Amino acid sequence: MNILGIETSCDETAAAVVADGRLVKSAVVASQAKLHEKYGGVVPEIASRAHVENIYPVIKEAMEQAGVGNDDIDAIAVANQPGLTVALVVGVTAAKTLSFAWNKPLIAINHLHAHLQSAIMSADGLELPAAALIVSGGHTSLYDYRSPLEPRLLGSTIDDAAGEAFDKVATILKLPYPGGPSIEKTAADGDPDAIKFPRSMLGRDSLDFSFSGVKTAVLYHCRGQNMKGQNKVDSMGRKEIADIAASFQAAVVEVLVKKTQRAAKKIGAKTVLLGGGVAANSALRATLQEMCAEMTPPKKLLVAPKQYCTDNAVMVASLAYHRFKAGLYADLTLEPRASSE
Ligand code: KG4
Ligand code: ZN
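Quick caveat, the model's predicted, so the values are computed rather than measured.

Caption draft 1: Local environment of the sheet that holds strand E6 (residues 130-135). In spatial order, the strands read E8-E7-E6-E9-E10; together these five strands make up an open sheet with mixed pairing. One side of each edge strand has no neighbouring strand; the edge strands of this open sheet are strand E8 (152-156) and strand E10 (300-303). Neighbour-to-neighbour, the strand axes of the sheet open up by a mean angle of 20°, direction not taken into account. Note: E6 against strand E9 (residues 271-275), five bridges, orientation parallel. Its bridge partner being in E9, Ala130 is matched across the sheet by Thr271.

This is the structure:
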């Protein structure tokens, strides 16, 4: 069965056709990164307008690439939460319109649960329970994952998301947008032990995250403790900037990995899942892999393929297959929601 997935929760307009939850027939993403670049972050009004422009051509291309017509589509799925309401509304309206016009079931998808789906969609013999970490530009969350339908939230960030911290630190270091990939690239030439940035663990048992402290520490490092100094980045050499990027990345990765280990122990996880935009980070992937191998007994790590780490509609259509099988349909009253239900 073919599901058309639609994703517009932030700054990517995406559509995909996926058969039986795993066979990707098409995957189209129109990124708005260029539009938001000069602001150093996503501007909701600009994102919304760009989604309106892109949504029709992106869906049309996804259908054409898949070689399907509306009669071949069994359901329409859309991410309706969490995200920017003015962005989500574009995808939700498109999905409702197609559902009505083609007389096909409508399926509502939680964008974060869909990120988890990217990690497992091509896995065979998934052993549960799994401790699942989602790290994106807007969210940093740990889940107790026992079924695709009801991952249970164990903890999340109390301030900045991990990706947001990468983006803000990249701005401080005057590196190109989006910050995550720029920091990773710059960090490759730096020493992760050069500067000891803080690791906020929030207490012995906490599964929540806080990244505003490490971001502020980088800011102080570059502008002086009283913040009165000029940003010294302009006068820093490549190596000094690389050391800051590598040390910042190491601090964030260490917290993410240690908390995931805590979660895995707490729920007796057999598997660890990693998804979301920051999951594209090679240092995070490698450190989490080491942690999983060192645990007793070792855990299997499933990471989303790089092309499905950042926002995409494949993960939406894939997760929708499970909701479809469970008869969990939405109706035409479906609305976008800024936060998760
Ligand atoms: O999942 P995503 O596409 O959007 C949200 O749902 O937020 O994640 C985007 C975030 C951005 O903050 C971006 O800087 C970060 O993922 N990111 C990375 C890397 N690639 C993308 N962060 C660290 N290292 C990367 N290689
Ligand atoms: Zn996302």
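Alright, that's what it looks like, and here's the rest.
Caption draft 2: Main features of the site of ligand 1. Near ligand 1, the surroundings consist of 18 residues, among which Gly137, Asp167, Gly180, Glu184 and Asp311 are the closest. Here an oxygen atom of ligand 1 and a backbone polar atom of Gly137 are 2.8 Å apart. Note that an oxygen atom of ligand 1 is positioned 3.0 Å from one of the backbone N or O atoms of Asp311. Relative to its unbound accessible area of 560 Å², ligand 1 is 90% covered by the protein chains. Judged by the proximity of its atoms to the pocket grid, ligand 1 belongs to the largest pocket. If you list the elements that add at least two residues to the shell around ligand 1, you get helix H4 (111-120), helix H5 (162-172) and helix H6 (179-187). In terms of residue class, the shell around ligand 1 is built from five nonpolar, 10 polar and three charged. Here the shell around ligand 1 gathers at least three residues from each of two domains, domain 1 (2-115 + 309-325) and domain 2 (123-304).

Caption draft 3: Seen up close, the coordination of the zinc ion (ligand 2). Only His111 (NE2), His115 (NE2) and Asp311 (OD) from the protein reach the zinc ion (ligand 2) as donors, at distances of 2.0 to 2.1 Å. Between the four donor atoms coordinating the zinc ion (ligand 2), the angles at the centre fall across 94 to 145°, so the site counts as irregular. As a motif over one chain, the donors of the zinc ion (ligand 2) read H-x3-H-x195-D. Linking His111 in helix H4 with Asp311 in the loop between E10 and helix H10 (314-325), this pair joins segments that are 200 residues apart in sequence. Residue classification places His111 among the buried positions, given a relative accessible area of 5%.

Caption draft 4: Looking closely at the domain arrangement of the chain. When cut into domains, the chain gives domain 1 (2-115 + 309-325) and domain 2 (123-304). Its C-alpha centre places domain 1 at a distance of 27 Å from the equivalent point of domain 2. The partner domain 2 presents 18 residues to the 17 residues of domain 1 that form the contact. Between domain 1 and domain 2, roughly 1400 Å² of surface is buried when both sides are summed, and carbon and sulfur atoms account for 65% of that area. At the boundary of domain 1 with domain 2, the tally comes to one salt bridge. The closest approach of N and O atoms between Asp124 and Arg22, which form a salt bridge, is 3.4 Å. In this structure, the connection of domain 1 to domain 2 is made through two residue pairs in polar contact (both at pLDDT 80 or more). Those elements giving two or more residues to the side of domain 1 that touches domain 2 turn out to be helix H1 (33-37), H4 and H10. Partitioning the side of domain 1 that touches domain 2 into residue classes produces six nonpolar, seven polar and four charged.

Caption draft 5: Representation of the sheet that holds strand E5 (residues 106-110). Here we have five strands laid out as an open sheet, ordered E3-E2-E1-E4-E5, and mixed in their pairing. Every interior strand has two partners, whereas the edge strands, strand E3 (23-31) and E5, have only one. Across the sheet, the mean angle from the axis of one strand to that of its neighbour is 20°, orientation sign disregarded. Relative to strand E2 (residues 12-19), strand E1 (residues 2-7) runs antiparallel, the two sharing six bridges. Considered in E2, the bridge of Glu7 is made with Ala14. Contacting E1, E2 and E3, helix H2 (residues 44-66) crosses the sheet at an angle of about 25° to E2.

Caption draft 6: Seen up close, the pattern of salt bridges. As enumerated under the stated definition, the model contains 14 salt bridges in all. Put simply, Lys34 and Glu37 hold a salt bridge, and the shortest N to O gap is 3.5 Å. Of the two residues, Lys34 and Glu37 both sit in helix H1, three residues apart, roughly one turn of that helix. With relative accessibility at 68%, the residue Lys34 sits in the exposed group.

Quick notes on the rules
Residues numbered from 1 in each chain as written. Chains lettered and ligands numbered in written order. Predicted model: local features only at pLDDT ≥ 70, side-chain atom pairs only at ≥ 80, totals over all residues. Heavy atoms only, no water. Pairing = 2+ DSSP bridges. Helix = DSSP H or I, 4+ residues; strand = E, 2+ residues; numbered from the N terminus. Axes fitted to C-alpha atoms, helices over the stretch in contact; angles between N-to-C directions. Near = heavy atom within 4 Å. Polar contact = N/O pair within 3.5 Å; in protein donor to acceptor, adjacent residues only side chain to side chain. Areas by Shrake-Rupley, 256 points an atom, 1.4 Å probe, with all protein chains shown as cover. 1 Å grid on protein atoms, 1.4 Å probe; cavity = no way out; pocket = protein on both sides within 12 Å on 5 of 7 lines; lining within 4 Å. Sits in = over half its atoms within 2 Å of the grid points. Nonpolar A, V, L, I, M, F, W, Y, C, P; charged D, E, K, R; others polar. Domains from an automatic or database assignment. Donors = N, O, S within 2.8 Å, 3.2 Å for Na, K, Ca; no water. Tetrahedral: all angles 85-135°; square planar, octahedral: opposite > 155°, others 65-115°. Buried < 20%, exposed > 50% of the residue type's maximum accessible area, 1.4 Å probe, protein only. Contact = heavy atoms within 4.5 Å. Buried area = accessible area lost by both parts, 1.4 Å probe. Salt bridge = Lys/Arg side-chain N within 4 Å of Asp/Glu carboxyl O.

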